[in-house]
Amino acid sequence: MSFCQPIKEDLSPRSTQTPTAANPLSPTLPFYELATYDVIVVGGGHAGCEAAAAAARMGQETCLVTFDLDKLAQMSCNPAMGGIAKGQIVREVDALGGMSGEVADAATIQFRMLNRSKGPAMWSPRAQCDRAKFIREWRERLESLPHLHFLQDEVVEVLHEDGRVCGVRTVWGMTLRCRAVIITAGTFLRGLMHIGRRTLSGGRSAEPAAMFLTASLTALGLKAGRMKTGTPVRIDRRSVHFEEMEVEEGDASPARFSFLSPARRLPQLPCWTCYTNEEAHAVLRQGLPDSPLYNGQIQSIGPRYCPSVETKIVTFPDRDRHPLFLEPEGTDTREMYLNGFSSSLPVQTQLEALRKIPAFRDVEIYRPGYAIEYDFFDPTCLHHTLESKCLGGLYLAGQVNGTTGYEEAAGQGLVAGINAALSLRGESPFVLRRDEAYLGVLIDDLVTKGVDEPYRMFTSRAEFRILLRQDNADARLTPYAVKFGLATEERRSRFERKLAAVADTISYIRKASVRGDDVNAYLQALGSSPVVGSSKAVELLRRPGVTLMGLSQIVPGVLQFADKQQDIKSEVIESAEVFLKYEGYIARERAEAEKMARLEGIIIQDRFDYATLNGISTEGRQKLEAINPRTLAQASRIPGVSPSDISALLVLSGR
């Protein structure tokens with residue numbers, strides 16, 4: 001059973017060609033055997049870069065094959081990393097030894113910690129990046145890896161022998177032999193771009209689509225479907241009336257994604273905000289008959305949580321305005337990104353609507369917004385390692401699994417790269433639990449539930465949010481990086497020093513007492529009730545508004561252990577303070593996670609012929625048979641499998 005929208009048309013390579021085009025898969029055309037590798041990564045986006053880097057750093061001879069080596073980790077849409085839940089993922093990728101956090105820090109031109117008004121489980125880092133410098137930084141880092149090789153070409157076929165991958169073939173007639181293949185093709189698989197009633201084949205603006213690989217993968221048993229995404233218009237900043245907009249500055253003391261990054265390299269730039277209006281909405285409504293989203297031209301599934309501007313005016317007809325965010329693309333360009341104005345309407349409609357907004361009354365554009373349709377594969381056809389159930393040694397990561405966002409892609413790429421390397425080394429697979437990482441939630445959701453729309457990570461998807469904070473990503477995941485050989489000596493040393501300093505700080509504060517005479521003036525300034533006699537410092541810290549920095553002015557020695565680690569002082573203070581303030585909530589969630597872990601320990605994969613089990617509902621049998629969950633806990637998360645079905649499985653398991 002597939003949980004994705006099936007492709008109805010013929011997927012054979014010939015169906016995508018013009019009558020005069022040569023078929024690169026034709027048996028009459030010779031192939032040249034170029035080289036042999038351990039791992040081949042197909043696609044140079046965020047997933048591909050992380051996958052290739054991980055496999056190579058773990059000692060596997062790896063080749064990254066991509067259309068254009070000058071656009072590695074291209075930010076096809078917004079040049080930003082992080083955001084709600086996504087920022088936690090970037091921190092997790094960094095803690096696991098991935099490169100996205102360090103690259104983003106090197107290219108950051110504005111950093112903000114979102115949701116500071118909420119609890120620390122909701123704090124989410126976000127960085128606006130210089131698009132060109134982001135790409136250059138990635139390429140420099142990848143080219144420095146001794147086991148990583150590159151080829152600018154298009155993979156058209158995956159080769160296999162005896163149920164395992166054995167190589168790939170390219171459009172230019174080359175055969176590359178290997179023991180594992182990681183597909184990270186993004187939006188390029190039979191990509192089709194839309195602006196109004198005009199369509200053009202392409203993986204993104206000005207780049208070709210990969211027209212042949214889908215047919216090769218579906219022939220292996222993968223189930224393909226179509227999805228849609230879009231991107232906004234790009235603005236020439238010289239044509240903007242900034243006086244009609246509000247300035248949005250970054251944080252005064254910006255943090256970083258990576259636990260290793262040095263001080264900021266680039267100047268921090270402002271962003272601007274404004275709103276659409278009724279005049280602009282009227283123009284957009286008039287253009288709806290030419291919108292591919294509403295005239296039947298696009299039939300595939302689009303992202304619910306990043307709608308086009310035309311979708312907003314249709315879905316929310318009573319709203320007279322929607323927010324827009326104008327963001328710089330870099331320090332050396334006049335091109336700007338108009339967040340909130342994603343559109344596939346005709347160019348003239350986009351321009352006319354924009355010019356009804358005071359700040360854009362004289363606007364000129366670098367390029368219009370457009371929509372793009374592309375192939376993806378049902379992720380329930382994957383194991384939690386992201387290896388295909390259809391073919392050994394074949395891994396899929398990123399948007400080909402039905403996800404959105406650079407961050408989700410980077411995380412999947414890293415996990416796929418690690419698992420490919422572990423498999424080739426004959427070591428146990430790497431599978432993250434839902435209480436260990438947002439990446440664990442992401443991958444478990446994909447392979448257990450599948451997708452019926454582009455998947456985007458939110459904090460609400462995680463049952464154990466307070467365990468998965470951005471401040472403790474290293475405590476959760478860096479031991480894996482050390483184990484796999486992805487942690488540098490610098491990372492290992494900083495991590496160990498931080499853990500020790502946090503533990504010492506927590507221990508000291510638990511023991512310290514404070515006299516009311518010393519602390520009451522501070523508490524009064526915060527509007528907090530005074531202390532009669534004395535109080536434990538830890539009890540004071542749990543009051544609203546009380547901070548370690550504040551207590552350090554009253555209680556000698558509070559920051560003595562953090563002060564000894566100046567390069568990580570702020571991290572030590574944040575981690576110790578968050579843990580002590582929310583210790584009770586953390587303990588309660590940990591207890592719940594341990595209960596779930598008991599179900600994770602009951603292995604049911606391949607134990608039952610679900611079609612013959614009478615004690616389970618019909619829908620439950622169908623879903624269990626289709627997914628073949630590894631554990632009872634995974635089975636409990638499959639839509640359509642009821643609690644009574646789980647109880648029956650528990651009895652049948654003899655537990």
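The model shown is predicted, which means the values in this text are computed figures rather than measured ones.

1. Describing the packing of aromatic side chains
Part 1: With the rule as written, the count across this model stands at ten aromatic pairs.
Part 2: Taken together, a centroid distance of 5.6 Å and an interplanar angle of 70° make the contact between Phe111 and Phe257 edge-to-face. In this pair, Phe111 sits in strand 5 (residues 108-114) while Phe257 sits in the loop between strand 15 (246-248) and strand 16 (271-275), placing the two residues 146 residues apart along the sequence.
Part 3: Classification of Phe111 as buried rests on a relative accessible area of 1%.
Part 4: Centre to centre, the rings of Tyr582 and Tyr585 are 6.3 Å apart; their planes meet at 45°, and the pair counts as tilted.
Part 5: Since its relative accessible area comes to 48%, Tyr585 is described here as partly exposed.
Part 6: Chaining the aromatic ring pairs together yields one cluster made of Phe430, Tyr480 and Phe484.
Part 7: Directly above the ring of Trp123 sits Arg116, whose terminal nitrogen or CZ lies 4.3 Å from the centroid.
Part 8: The cationic tip of Arg319 hangs over the ring face of Phe316; the distance from NZ or CZ to the ring centre is 4.4 Å.

2. Considering the sheet that holds strand 5
Across a sheet, paired strands are connected by hydrogen bonds in the backbone, their directions being either parallel or antiparallel.
Part 1: Spatially, the three strands line up as an open sheet ordered 4-6-5, and their pairing is antiparallel. Where the open sheet ends on each side, the last strands, each with one partner, are strand 4 (80-82) and strand 5. Across this sheet, the average inter-strand angle for adjacent strands is 15°, counted without regard to direction.
Part 2: Two elements, strand 4 and strand 6 (residues 124-129), share three bridges in a ladder whose sense is antiparallel. Across the sheet, the residue bridging to Met81 is Ala127, located in strand 6.
Part 3: Each of strand 4, strand 5 and strand 6 touches helix 3 (residues 100-107); the most contacted strand, strand 5, lies at about 115° to it.

Reading the values: the criteria
Residues numbered from 1 in each chain as written. Predicted model: local features only at pLDDT ≥ 70, side-chain atom pairs only at ≥ 80, totals over all residues. Heavy atoms only, no water. Phe/Tyr/Trp six-rings, centres within 6.5 Å; stacked < 30°, edge-to-face > 60°. Helix = DSSP H or I, 4+ residues; strand = E, 2+ residues; numbered from the N terminus. Buried < 20%, exposed > 50% of the residue type's maximum accessible area, 1.4 Å probe, protein only. Lys NZ or Arg CZ within 6 Å of the ring centre and 35° of its normal. Pairing = 2+ DSSP bridges. Axes fitted to C-alpha atoms, helices over the stretch in contact; angles between N-to-C directions. Contact = heavy atoms within 4.5 Å.

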